[in-house]
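Take a look at the letters that make up each chain.
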Amino acid sequence: MLRVRLHGRGGQGIKTASQVLGTAAFLSGFQAQDFPLYGAERRGAPIVAFTRIDKEPILERGPIAIPDLILVGDETLLEDSQAAPICGADALTTLLVNSEKDPKDLREKQLLPTVPVTFELTKLCLKHLNAGMILSTALAAAAARLTGMIPLENLIEAVEIELADIPPEKLRKNLDLVREVFELLDPVVFKEREEGEYSPSRLMILEQKEVRDAAPLITATGNMNLRKTGNWRIHRPEIDFEECNHCMICYARCPEGVIKEDVEGKPEIDYDHCKGCMICAQECPKHAIKTLWEMDYEPQSQ
Ligand code: SF4
Ligand code: SF4
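Conventions and cut-offs
- Residues numbered from 1 in each chain as written.
- Chains lettered and ligands numbered in written order.
- Predicted model: local features only at pLDDT ≥ 70, side-chain atom pairs only at ≥ 80, totals over all residues.
- Helix = DSSP H or I, 4+ residues; strand = E, 2+ residues; numbered from the N terminus.
- Rg over C-alpha atoms; globule rule 2.2 N^0.38 Å.
- Buried ≥ 20, exposed ≤ 12 C-beta atoms within 10 Å, placed from the backbone.
- Contact = placed C-beta atoms within 7 Å.
- Near = placed C-beta within 6 Å.
- Nonpolar A, V, L, I, M, F, W, Y, C, P; charged D, E, K, R; others polar.
- Domains from an automatic or database assignment.
- Expected span 1.5 Å × (residues − 1).
- Pairing = 2+ DSSP bridges.
- Axes fitted to C-alpha atoms, helices over the stretch in contact; angles between N-to-C directions.

Turning next to the overall build of the chain. Check the secondary structure of the chain and you find nine helices and 10 strands. Relative to the globule expectation of 19 Å for 302 residues, the C-alpha radius of gyration of the chain, 21 Å, shows essentially globular dimensions. In terms of principal-axis extent, the alpha carbons of the chain reach across some 65 × 50 × 40 Å. Taking all 302 residues of the chain together, 36% fall into the buried category. Restricting the contact set of the chain to residue pairs at least 6 apart, pairs at least 24 apart contribute 66%.

A few words on the site of ligand 1. Lining the immediate surroundings of ligand 1 are 13 residues, of which Cys244, Cys247, Ile249, Cys250 and Cys284 lie closest. Residues of the shell around ligand 1, tallied by class, amount to 10 nonpolar, two polar and one charged.

Bringing the domain arrangement of the chain into the picture now. Domain boundaries assigned for the chain yield domain 1 (2-184) and domain 2 (227-296). Measuring from the centre of the C-alpha atoms in domain 1 to the corresponding centre in domain 2 gives 30 Å. Listed as interface residues are 10 residues of domain 1 and, on the opposing side, eight residues of domain 2. Of the residues that constitute the side of domain 1 that touches domain 2, the class distribution is two nonpolar, two polar and six charged.

So, about the site of ligand 2. Near ligand 2 there are 13 residues, and of these Cys254, Glu256, Cys274, Cys277 and Cys280 occur at the shortest range. Taken together, the residues of the shell around ligand 2 break down into 10 nonpolar, one polar and two charged.

Our focus in this paragraph is helix 1 (residues 14-27). Helix length check: helix 1 (14 residues) gives 20 Å between terminal C-alpha atoms against 20 Å at 1.5 Å per residue, within 8%. A large share of helix 1 lies buried, amounting to 12 of its 14 residues. Regarding helix 1, the residues found buried are Ile14, Lys15, Thr16, Ala17, Ser18, Gln19, Val20, Leu21, Gly22, Thr23, Ala24 and Ala25. Contacts from the buried residues of helix 1 go to strand 1 (2-9), strand 2 (31-37), strand 3 (46-54), helix 4 (136-147) and helix 5 (152-162). Phi turns positive, to about 95 degrees, at Gly29, one or two residues after helix 1.

As a further point, take the pairing of strand 5 (residues 94-98). With respect to burial, strand 5 is a largely interior element, five of its five residues being buried. Side chains of strand 5 alternate between two faces, with Thr94, Leu96 and Asn98 and Leu95 and Val97 buried alike. Across four bridges, the pairing between strand 4 (residues 69-72) and strand 5 is parallel. Of the residues in strand 5, the one forming a bridge with Val72 is Val97.

Let us look at the environment of Ala138. Locating Ala138 in the fold gives a position in helix 4. Along the primary structure Ala138 and Glu238 are separated by 100 residues, whereas in three dimensions their C-alpha atoms are 29 Å apart. Setting aside its immediate chain neighbours within four residues, Ala138 contacts Leu121, Leu124, Cys125, Leu177 and Val181.

Here we come to the pairing of strand 7 (residues 235-239). Side chains His235, Pro237 and Ile239 project from strand 7 onto a buried face, and the interleaved Arg236 and Glu238 project onto a face without burial. Summarising the sheet, strand 7 and strand 10 (residues 289-293) pair through five bridges and their orientation is antiparallel. Within strand 10, the position partnered with Pro237 by the bridge is Thr291.

This next bit is on the sheet that holds strand 5. The strand order across the open sheet formed by six strands is 2-3-1-4-5-6, and the pairing between neighbours is mixed. Each end of this open sheet is capped by a strand with a single partner; those strands are strand 2 and strand 6 (117-119). Each neighbouring strand pair of the sheet contributes to a mean axis angle of 15 degrees, computed without reference to strand direction. With seven bridges connecting them, strand 2 and strand 3 associate as antiparallel partners. Looking at the pairing, Gln31 lines up with Asp54 of strand 3. With respect to the sheet, helix 4 is in contact with strand 1, strand 3, strand 4, strand 5 and strand 6, its orientation differing from that of strand 4 by roughly 155 degrees.

So, in structure tokens, the structure goes:
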């Protein structure tokens, strides 16, 4: 069985990527199972989705603890201990990260168990879709190609099935993207894990837990501030004070309430909690808020 885990953020199409991969595998003659896991949070929150592919019926259920293939759609997740995209990876795991960094540098910096494949999916999405945030078909194409089990024509058919509701022109652009991603990657040879190496039994018996054990119980008050959602950001808003006229419209429109007025009456962004939705940039009448890539941002030394 090939176990694939896809990590990304809400809005990036991670669930759709796992669906396209599952459908493409099914069209290629395999059994497939795909499903996402996400909490109550919204755009920007870490999301994980799973796809299992096998020649035999798949009796295994639940999240994949030891993946053969991990795809990380957003590099910032590598530093998010709650998303933990590398959890369960070992030397047999193939890891693809949407990044332009050198694979060896990334492995060293993030203490990865294996040298990752780094691949600039965002740039390809921008080129074809003019949207670097929507990674669904690109991630599915990368996963399908790396498995070496799925022919391009089956992947194309899977995209047509799963994205049947989008306008034809958008679908065409997604198919061009899929073809390019497929062309640029090479399949990986996966070593089959020994029976029992993954789990003691082919059928996992899920135990019914008490509700209090199954979900976190929050008893403290006023602790929302401790959850630093700033590391969810893909884009970083930066105010150009040469242009800003201090109208504070951004303060009023920020859905997270993370823009405040400083002592001089100027807007100040709380980057510990700003999620990078960029609504402030769209709403600013002076176009004074620039959109930067978070991964390109170098903090100034004090
Ligand atoms: S909306 Fe634009 S011009 Fe107004 S305070 Fe915010 S950044 Fe400045
Ligand atoms: S990007 Fe702008 S609107 Fe969105 S959370 Fe950050 S400060 Fe608020």
